[in-house]
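Fold and geometry: a report
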Amino acid sequence: MIKAILIFNNHGKPRLSKFYEHYSEDTEQQIIRETFHLVSKRDENVCNFLEGGMLIGGSENKLIYRHYATLYFVFCVDSSESGLGILDLIQVFVETLDKCFENVCELDLIFHVDKVHNILAEMVMGGMVLETNMNEIITQVDAQNKMEKSEAGIAGAPARAVSAVKNMNLPEMPRNINIGDISIKVPNLPSFK
Amino acid sequence: MPAPIRLRELIRTIRTARTQAEEREMIQKECAAIRSSFREEDNTYRCRNVAKLLYMHMLGYPAHFGQLECLKLIASQKFTDKRIGYLGAMLLLDERQDVHLLMTNCIKNDLNHSTQYVQGLALCTLGCMGSSEMCRDLAGEVEKLLKTSNSYLRKKAALCAVHVIRKVPELMEMFLPATKNLLSEKNHGVLHTSVVLLTEMCERSPDMLLHFRKLVPQLVRILKNLIMSGYSPEHDVSGISDPFLQVRILRLLRILGRSDDDSSEAMNDILAQVATNTETSKNVGNAILYETVLTIMDIKSESGLRVLAINILGRFLLNNDKNIRYVALTSLLKTVQTDHNAVQRHRSTIVDCLKDLDVSIKRRAMELSFALVNGNNIRGMMKELLYFLDSCDPEFKADCASGVFLAAEKYAPSKRWHIDTIMRVLTTAGSYVRDDSVPNLIQLITNSVEMHAYTVQRLYKALLDDISQQPLVQVSSWCIGEYGDLLVSGQCEEEEPIQVTEDEVLDVLEGLLVSNLSTPVTRGYSLTAIMKLSTRFSSVNRIKKVVSIYGSICLQMYSYSLQVQSTHPPCFTGSIYTSSLFYRFNLHVLYYLVSLLFQANDLLDLLGGNDVVPVIQTTLPTKPASAGGELLDLLGDLSLSSRTSLSLFLSFSFSHSPVITIHATNTTEADMTEFVFQAAVPKTFQLQLLSPSSNIVPALNQGSVTQVIRVLNPQKQQLRMRVKLTYTHKGSPIQDLAEVNNFPPQSWQ
């Protein structure tokens, strides 16, 4: 079972925190800080497995993390999950985010944290892996986003207009209208006298 | 009232804050706006407000006032509202709040909604944070959805069922009929979650396990299809078809095949196939291989398969990927008990891992190396392990040293090798050796009678080099005290005997007494050694002189300790209770002195008058008397393993009157902080306390706090002092009071 999924940046600021076990709000913040402290100490070329900190269950639980540019993706799991499998799952998650946000970067996660939650909800449910097929996940997330948009009413008009233009199928406008060499025979008109 | 700002605006605003205080201010302002908006029961913007609240919650600010709003959102008809509402419920609510039960009806309705995505939201929320009451109420709905043909819902229902079973195990039976044709699904998502559900049921109930054993052929077939199916773009991850599903199935097979011959038989072929055909160049392949290995080791597989599995693990150890190496070492540690010989074959690779840069790998390799040591490889392994001990991080040294001692004790090929190994450990990692090793080592040395001369010689030489490592010094002083005559007479067979005189030996031991590096315990050992040598050496006068100087201080400390003991019961830890060890030493010193006293009367003068001796005689509690009986045995064979819990040790030193210096040392494993020494004296005295060196007494005798006291005693009366010590130890504040009456006359005259 996955106990928690945390995303934070190189300075420890949380970008996403999802707990699948009950902790009080204070404990949750402490766990984020403790995990950041443990993970940030790690060198770049050591293995991606760590024993959990005391707050999250100590040596019973493992922290499996991956460091992408400015972000740490940390999954805290217990012994029933395959460590190497979780590493692959993190990879799938990040690739999914990449597809949904088009070259995802930290800013995307900052400003669209609710969307990240929605994507995650299609992958992991109740601490267990739900779906690992990237295309399937994206299809479902898109369908739900569409439902939201259709409900948005007048306030969603600008957004709808933008997406409509994006999806519009315009024929290719020719750049040079090259009619080619047409020999237009000019008729010999009699001159009016 | 203007429309509440969007989430994006809020995020942008918060990001402009330059300090924590600024951020807090912005958030408080926004919280106030949100609160008033909630009060107005504004339906249009509730969704936006809750979204902002969830963001602030992630940053660590309180958001509990939004809980009811989440419920209102869930009850709304709009999908947008429901989405945020359910997300809020998952993040903000849990079974500790009564409010969550109000969700039950909403979820029930949503589970039967016409839109699959709404049903999905409800299942998701129930599966994440549903309490036992909610699960009981809604289990029927979940069970219905488990039988639906909609694969999107079916997979969610399966995981929701797992959650329900975890919360209310009695309901497991209810889901049994629905599992009948779960495995005939084509959709991988459903297959995956179904396998998870089956795994959960099998792990929880042996009856279920028996029932589902008949599924083994079907699982084997699915696995076979995955491997043989060739390239399938939907499920491909780095060239392997749905590795997640393969791993899950392998895990379920492991549970089903455990302790059952028939099932294990049915799996053998497929396991061999997976083990040999899987691509190992990427992590995915290795994940599958690893799971296969674990399964092979756990079920009743044939021996050929087991050897194959261990060889795969051995290959993992050579892999460049650190994760694989770590994971392989962990599994080998688990299997070394059952398949010892097979793991032995990979010993050299494991020992190489000791040199890895990664701390986690080094630790695993060390544990595994110790598990692999046996009578045949002890010499080679010990060489590697001692080399590791030299160069490893301090966090490993204590464990490694203990491991070396244990291994040496079990498999030492010869006594000399054993003693050499111990010497090596003491000299390289002496300060990390556990306290109880010292008495064990002394026991060992005593028992190897023929090695005494060699041992004492080597230890003496080690002492000449380095006196900072306390365990080494303690063992050495003890040996010199015991076998000093062998040392001086130069009778060593094992190696070139060294020429050393009695005076040189006494120089070294005296050096230990005065050195700042020596802890009180070490001083005790060296003093005892000196005294023991009085029976073995001829220069008794010198010994007497040394003993008199230090003996009086010892007696002070001893009588002080008696004083303290009479006011505190022995079981009260954290008091100024000198260790029974030092206590015994002081007693030892005392009895020795007394015995010397009867041999040479002039010693009485050296002890400084009549004040001291009567005190000892009258205030001796019965405990030391019985200790005295053993004491004579102590002289011969110090079994010092019975050490009670130690704490603070306070010693007074008197360099010249009227200055007294106190030294506080701490023999426990935790520092004593906020240490304050206070003293009170009778009216006729004046006391001046100068500032202490620090207020932290470091653990394990790593340093001491000193404080100078000036006593003005115009009436030249017997000095008495009441002492109060306050400090914090392991988080709890401790206070100690004691009275000291036995200051030697030199200090106040």
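Numbers given for residues are sequential positions, taken from 1 along each chain in its written order. Starting at A for chains and at 1 for ligands, labels are handed out in the order in which the entities are written. Totals for whole chains, interfaces and linings use every residue, but because this is a predicted model, local features are given only for residues with pLDDT of at least 70 and side-chain atom pairs only at 80 or more, for both listing and counting. Computation of side-chain values: all heavy atoms of the structure, hydrogens and water removed.

The name recorded for chain B in an unreviewed UniProt entry is AP-1 complex subunit gamma, from Oncorhynchus mykiss. UniProt positions are given in the numbering used here, feature names are shortened, and annotations may be inferred rather than shown by experiment. Quoted verbatim from the Sequence similarities (unreviewed entry) field of UniProt, the annotation for chain B is "Belongs to the adaptor complexes large subunit family."

In the annotation of an unreviewed UniProt entry, the entry for chain A reads AP-3 complex subunit sigma-1, and the organism field reads Oncorhynchus mykiss. The Sequence similarities (unreviewed entry) comment attached to chain A in UniProt states, word for word, "Belongs to the adaptor complexes small subunit family."

Any two of the Phe, Tyr and Trp rings considered here, Trp counted by its six-membered ring, make a pair once their centres fall within 6.5 Å; the pair's planes then place it as stacked at under 30 degrees, edge-to-face at over 60, or tilted in between. The final tally for this structure, using the stated rule, is 12 aromatic pairs over all chains. Residues Phe 19 of chain A and Tyr 23 of chain A carry aromatic rings whose centres are separated by 5.8 Å and whose planes lie at 70° to one another, so their mutual orientation is edge-to-face. Classification of Tyr 23 of chain A as buried rests on a relative accessible area of 15%. Each ring, one from Tyr 117 of chain B and one from Tyr 152 of chain B, has its centre 5.3 Å from the other, and the planes form 65°; the classification is edge-to-face. Taken together, the residues span a long stretch of sequence, with Tyr 117 of chain B in helix α7 (residues 116-129) and Tyr 152 of chain B in helix α9 (residues 151-167) at a distance of 35 residues. Only protein chains enter the accessibility calculation, which uses a 1.4 Å probe; a residue is then buried when its area is under 20% of its type maximum, exposed when over 50%, and partly exposed in between. On the basis of relative accessibility, which here comes to 12%, the residue Tyr 117 of chain B falls in the buried class. A connected cluster of aromatic rings, assembled from ring pairs, spans Phe 8, Phe 36, Tyr 65 and Tyr 72 of chain A. For Arg 35 of chain B, the ring lying beneath its charged end belongs to Phe 65 of chain B, and the centroid distance is 4.0 Å. A run of H or I in DSSP counts as a helix once it spans at least four residues, and a run of E counts as a strand once it spans at least two, with each numbered from the N terminus. Charge over a ring is defined by NZ of Lys or CZ of Arg lying within 6 Å of the ring centre and within 35 degrees of the ring normal.

Residue and element names in this part refer to chain B. By definition, two strands form a pair when at least two bridges between them are found by DSSP. The sheet built from three strands is open, its strands ordered β5-β8-β9 with antiparallel pairing. Both edges of this open sheet fall to β5 (672-680) and β9 (732-740), since each of them pairs with a single strand only. Averaged over all pairs of adjacent strands, the angle between strand axes in this sheet comes to 15°, irrespective of strand direction. With nine bridges joining them, strand β8 (residues 721-729) and β9 adopt antiparallel strand pairing. Residue pairing across strands places Met 721 opposite Val 740, the latter belonging to β9. Comment: axis = line fitted to C-alpha atoms, over the contacting stretch for helices; angle = value between 0 and 180 degrees taken between N-to-C directions.

To continue, consider the pairing of strand β4 (residues 62-68) of chain A. Residue and element names in this part refer to chain A. Here strand β3 (residues 49-51) runs beside β4; their pairing, made up of three bridges, is antiparallel. Residue Leu 50 lies in a different strand from β4, and its bridge partner there is Leu 63. With seven bridges connecting them, β4 and strand β5 (residues 71-77) associate as antiparallel partners. When the sheet's bridge partners are listed, His 67 is paired in β5 with Tyr 72. The hairpin turn running from β4 into β5, its antiparallel successor, is two residues long, and Ala 69 in that turn takes a positive phi close to 50°.

Below, the discussion takes up helix α22 (residues 394-411) of chain B. Residue and element names in this part refer to chain B. The span one expects for a helix is its residue count, reduced by one, times 1.5 Å. Spanning 18 residues, α22 covers 26 Å between terminal C-alpha atoms, matching the ideal 26 Å at 1.5 Å per step. Inspection of α22 places Phe 396, Lys 397, Cys 400, Ala 401, Ser 402, Gly 403, Val 404, Phe 405, Ala 407 and Ala 408 among the buried residues, and these make up the whole buried set. Here the buried face of α22 lies against α20 (359-372), α21 (378-391), α23 (415-429) and α24 (437-447). Residue contacts follow a heavy-atom distance rule, with two residues in contact if any of their heavy atoms lie within 4.5 Å.

At the junction of the two partners, chain B supplies 66 residues and chain A supplies 59 residues. Values labelled buried area give the accessible surface lost by two parts on being combined, using a 1.4 Å probe and summing over both. For the chain B and chain A pair, buried surface summed over both sides reaches about 5500 Å², with 57% attributable to carbon and sulfur atoms. By the criterion of area lost to chain A, the three top residues of chain B are Met 58, Arg 83 and Phe 244 of chain B, representing 13% of everything that side buries. Between Arg 83 of chain B and Glu 148 of chain A there is a salt bridge, with its nearest N and O atoms 2.9 Å apart. Two N or O atoms count as a polar contact when they lie within 3.5 Å, although within protein this holds only if one can serve as hydrogen donor and the other as acceptor, and sequence-adjacent residues are included solely when both atoms are side-chain atoms. In this structure, the connection of chain B to chain A is made through 14 residue pairs in polar contact (both at pLDDT 80 or more). Within this document, salt bridges are pairs made up of a side-chain nitrogen of Lys or Arg and a carboxyl oxygen of Asp or Glu, the two lying within 4 Å of each other.

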